[in-house]
Amino acid sequence: MPYYAVTRGHRVGDFPTWDECRLQVSGYPAPVFRRFFRFHDAKEFLRRGLQSSISIRAIINSTLFQRGPEGKISIYTDGACTGNGTSEARAAIGVFFNENHPENISRCAPNRKTNNGAELEAIREAVRIAKRHQLKGVLIYTDSGFIVNSLCHWLRLWRSRNWRTSSGRPVIYKDERLLLAADPEVLDKQVKHVPGHLGVLGNECADQLAQKALSASAPPPTDI
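So, here's what we can say about the structure.

Parameters and conventions
- Along each chain, residues carry numbers from 1 onward, in the same order as the chain's sequence is written.
- Whole-chain, interface and lining totals are the exception, using all residues; otherwise, since this is a predicted model, local features are given only for residues with pLDDT of at least 70 and side-chain atom pairs are given and counted only at 80 or more.
- In computing side-chain properties, one takes all heavy atoms of the structure into account and sets aside hydrogens as well as water.
- Should a side-chain nitrogen of Lys or Arg be within 4 Å of a carboxyl oxygen of Asp or Glu, the pair is scored as a salt bridge.
- In this text, helices come from DSSP runs of H or I with a minimum length of four residues, and strands from runs of E with a minimum of two, each type numbered from the N-terminal end.
- For every residue, the accessible area obtained with a 1.4 Å probe (protein chains only) is divided by the maximum for its type, and the residue is called buried under 20%, exposed over 50%, and partly exposed between those limits.
- Here the expected length of a helix is defined as 1.5 Å per residue gap, with one fewer gap than residues.
- Here, strands pair whenever DSSP counts at least two bridges between them.
- Inter-axis angles, ranging from 0 to 180 degrees, are taken between N-to-C directions of lines fitted to C-alpha atoms, where helices are fitted over the stretch in contact.
- We call two residues in contact whenever any of their non-hydrogen atoms come within 4.5 Å of each other.
- Pairing of aromatic rings covers Phe, Tyr and Trp, the last through its six-membered ring, and needs centres within 6.5 Å; plane angles under 30 degrees mean stacked, over 60 mean edge-to-face, and all others mean tilted.
- When the NZ atom of lysine or the CZ atom of arginine is within 6 Å of a ring's centre and also within 35 degrees of its normal, the charge is said to sit over that ring.

### What to know about the pattern of salt bridges
Argument step 1. Under the defined criterion, the tally for this structure stands at 9 salt bridges.
Argument step 2. Linking Glu125 and Arg107 is a salt bridge whose minimum nitrogen-to-oxygen distance equals 2.7 Å. Residue Glu125 is located in helix H3 (residues 115–132), and its partner Arg107 is located in strand E6 (residues 105–108); the two are separated by 18 residues in the primary sequence.
Argument step 3. Residue classification places Glu125 among the buried residues on the basis of a relative accessible area of 11%.
Argument step 4. Residue classification places Arg107 among the partly exposed residues on the basis of a relative accessible area of 27%.
Argument step 5. Between Arg128 and Glu125 there is a salt bridge; the shortest N-O distance is 3.0 Å. Here Arg128 pairs with Glu125, and both are found in helix H3, just 3 residues apart, close to one helical turn.
Argument step 6. Residues joined in a network through salt bridges with shared partners are Arg107, Arg112, Glu121, Glu125 and Arg128.

### Focus on H3
Argument step 1. In this model H3 runs 26 Å from its N-terminal to its C-terminal C-alpha over 18 residues, within 8% of the 26 Å that 1.5 Å per residue would give.
Argument step 2. Where H3 is concerned, the buried positions are Gly117, Ala118, Glu119, Leu120, Glu121, Ala122, Ile123, Glu125, Ala126, Val127, Ile129 and Ala130.
Argument step 3. Directly beyond the C-terminal end of H3, a positive phi value near 55° is found at Gln134.

### Here's the deal with the sheet that holds strand E3 (residues 32–36)
Argument step 1. Spatial strand order, E2-E1-E3: 3 strands in an open sheet with antiparallel pairing. Every other strand in the sheet has two partners, leaving strand E2 (13–15) and E3 as the edge strands with one partner each. Put simply, the sheet's adjacent strands are angled 20° from each other on average, direction ignored.
Argument step 2. On the sheet, helix H1 (residues 18–25) packs against strand E1 (3–8), E2 and E3 and is oriented at approximately 10° with respect to E1.

### Thoughts on the packing of aromatic side chains
Argument step 1. Evaluated as defined, the whole model comprises 8 aromatic pairs.
Argument step 2. Ring geometry for Phe146 versus Trp154: centroids 5.4 Å apart, planes at 65°, classification edge-to-face.
Argument step 3. Following the ring pairs from residue to residue traces out a cluster consisting of Tyr4, Trp18 and Phe33.
Argument step 4. The residue whose ring lies beneath Arg112 is Tyr173, and the NZ or CZ to ring-centre distance is 5.0 Å.

### What to know about the sheet that holds strand E8 (residues 189–193)
Argument step 1. In space, the 5 strands of this open sheet follow the order E6-E5-E4-E7-E8, with mixed pairing throughout. Each edge of the open sheet is held by one strand with a lone partner, namely E6 and E8. Looking at each pair of strands side by side, their axes are set apart by 20° on average, direction ignored.
Argument step 2. Pairing between strand E7 (residues 138–142) and E8: 5 bridges, direction parallel. Residue Tyr141 lies in a different strand from E8, and its bridge partner there is Lys192.
Argument step 3. Contacts between H3 and the sheet are confined to strand E4 (73–82), strand E5 (90–96), E6, E7 and E8, with E4 contributing the most and set at about 150° to the helix.
Argument step 4. The strands touched by helix H7 (residues 201–216) within the sheet are E4, E5 and E6, with E5 carrying the most contacts at an inclination of about 145°.

The following block contains the structure:
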């Protein structure tokens, strides 16, 4: 009876039939898989392949994501919004790792209508990148004290009020705040406040990325 081991595919693991194996490798770029006639050999191939993948990922991450004096990877985020809170609002986000870094983000946030919503979306984008690269020891910086407090200090209080603010209004983005505060897939993650527009390089660069996307999304002027 053949066994199929996939170390690079939609899912990795061992599969008892070719049909199941084919589902994992079909359409996946450069898949890695083999057929074996002994289950032990398939498991050993899988073990070695996964160890190799982890080692390669660690080398790439150590080069791509530089750690600061604290031994942490710093990610700076910012959100921008024009027409804040109105139906005509436009929002954008910036995520900054380093100059010309391939994971820097500058894009619109079409589902956001407030500056706080854009700030939250920028942090979510940073978390997505951290999860994709399986980063450990991440510091996510934002110049929004409100967002930092809401993620780090106010959740328990809001929960005791049945998710109402001190003014009695419903807490917006409740599910997103809970997910970001307790996401188990990003190990050793901290969201920290950084003063805005006071010359902190990462913050200034994240702001520029957000503003760039916001400007690019502006509707063309109309003739009067």
